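Examination of the molecular architecture
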Amino acid sequence: MLEEIRNRLTAHPDVKLVAVSKYQPLVALEQAYNEGQRAFGESRVQELVQKAERMPADVEWHFIGHLQRNKVKSVVALASLIHSIDSERLLVEVNRQAEAQAKVVDVLLQLHVAQEETKFGFSLGECWELLTSDRIKTMKNVRFRGIMCMASNTDNEDRIRQDFRRARTFFDEASVVMNPADWNVKSWGMSGDFPIAIEEGATHIRVGSLIFGERIY
Ligand SMILES: *Cc1c(COP(=O)(O)O)cnc(C)c1O
């Protein structure tokens, strides 16, 4: 329930709730909108485009899913923040499309911190290499805002906390080389682990099923 999560967030006024509405029908988004929710997270391009056409213009769209390079154009046009930059090739394409659309797009780098093989994202080493390279200096149409990650899919809270902590430590270390005016977003925490994520410094939590119920695939 949206209301319940909001109540839990009153103690954390700086944490932004991104309502993850992927695979949910439009009516579910409209209801949340009418309850005051403005930030919505989508993970599929086609779905984002369709929903953006039908929802009010003041919705803030967050793209959180794996993004294919041939679909970057509409995401750059619609998203206020792309959470899921998981390769340099994708980053280059996002920058290119943003330039073509004469805009600067806010991005997060997705770190692979989970102790699983299946998740997308940069390793800490790859991400550090990229952020300290000269290559990003020529990317004038992306604004590096911070880090996104997903914790291991487990009930083990210590492991989840450990994953968030690695991302948090990386974020802090990268602060030394990034523009402090921009580098201020830590996107971690989902329905099952957002309280731990907040304890571990999250500024944005991405909560889906706890708000909208189970997704229908
Ligand atoms: C689906 C998804 C979420 C939301 O997951 P819930 O468990 O439903 O809260 C958050 N982040 C990402 C990247 C997702 O793909």
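Right above here is the structure, for reference.
The following refers to the structure shown.

Parameters and conventions
- Residues numbered from 1 in each chain as written.
- Predicted model: local features only at pLDDT ≥ 70, side-chain atom pairs only at ≥ 80, totals over all residues.
- Heavy atoms only, no water.
- Patch = residues over 30% accessible without salt bridge, like charges linked within 9 Å, V, L, I, M, F, W, Y side chains within 5 Å.
- Areas by Shrake-Rupley, 256 points an atom, 1.4 Å probe, with all protein chains shown as cover.
- Salt bridge = Lys/Arg side-chain N within 4 Å of Asp/Glu carboxyl O.
- Helix = DSSP H or I, 4+ residues; strand = E, 2+ residues; numbered from the N terminus.
- Buried < 20%, exposed > 50% of the residue type's maximum accessible area, 1.4 Å probe, protein only.
- Near = heavy atom within 4 Å.
- Polar contact = N/O pair within 3.5 Å; in protein donor to acceptor, adjacent residues only side chain to side chain.
- Axes fitted to C-alpha atoms, helices over the stretch in contact; angles between N-to-C directions.
- Parallel < 35°, antiparallel > 145°, perpendicular 65-115°, else oblique.
- Left-handed = near helix turned anticlockwise from the far one by under 90°.
- Contact = heavy atoms within 4.5 Å.
- Nonpolar A, V, L, I, M, F, W, Y, C, P; charged D, E, K, R; others polar.

1. Overview of a nonpolar patch on the surface
On the surface, Trp128, Val176 and Val177 cluster together to form a nonpolar patch covering roughly 290 Å² of accessible area. Here Val176 shows up in the loop between α7 (157-175) and β7 (185-187). Overall, the relative accessible area of 71% leaves Val176 in the exposed class.

2. Some points on the site of the ligand
Close to the ligand lie Val20, Lys22, Ile64, Met148, Met150, Met190, Ser191, Arg206, Val207, Gly208, Ser209 and Arg215. Within the contact set of the ligand, a nitrogen atom lies 2.9 Å away from a side-chain nitrogen or oxygen of Arg206. At 2.7 Å, a side-chain N or O of Arg215 approaches an oxygen atom of the ligand. Protein chains bury 89% of the 390 Å² of accessible surface belonging to the ligand in isolation.

3. A closer look at unusual backbone geometry
With glycine set apart, most residues show a phi of negative sign, and most peptide bonds adopt trans. Positive phi, close to 65 degrees, is recorded for Tyr23, a residue that is not glycine. The exposure class of Tyr23 is partly exposed, given its relative accessible area of 25%. Not every positive phi belongs to a glycine, and Ala102 is a case in point at roughly 55 degrees. Inspection of the secondary structure assignment puts Ala102 in the loop between α5 (88-100) and β5 (105-111). Taking the relative accessible area as the measure of exposure, Ala102 reaches 71% and is therefore exposed.

4. Some words on the packing of helix α6 (residues 124-131) against α7
The interhelical angle for the contact between α6 and α7, taken along N-to-C directions, is 15 degrees, at an axis separation of 11 Å. Looking at the two axes, α6 sits roughly parallel to α7. When the axes of α6 and α7 are compared, the crossing they make is right-handed. The segment α6 lies against α7, with Leu124, Cys127, Trp128 and Leu131 engaging Arg166, Phe170, Glu173 and Ala174. Here the contact of α6 with α7 is built from residues that sort into six nonpolar, no polar and two charged.

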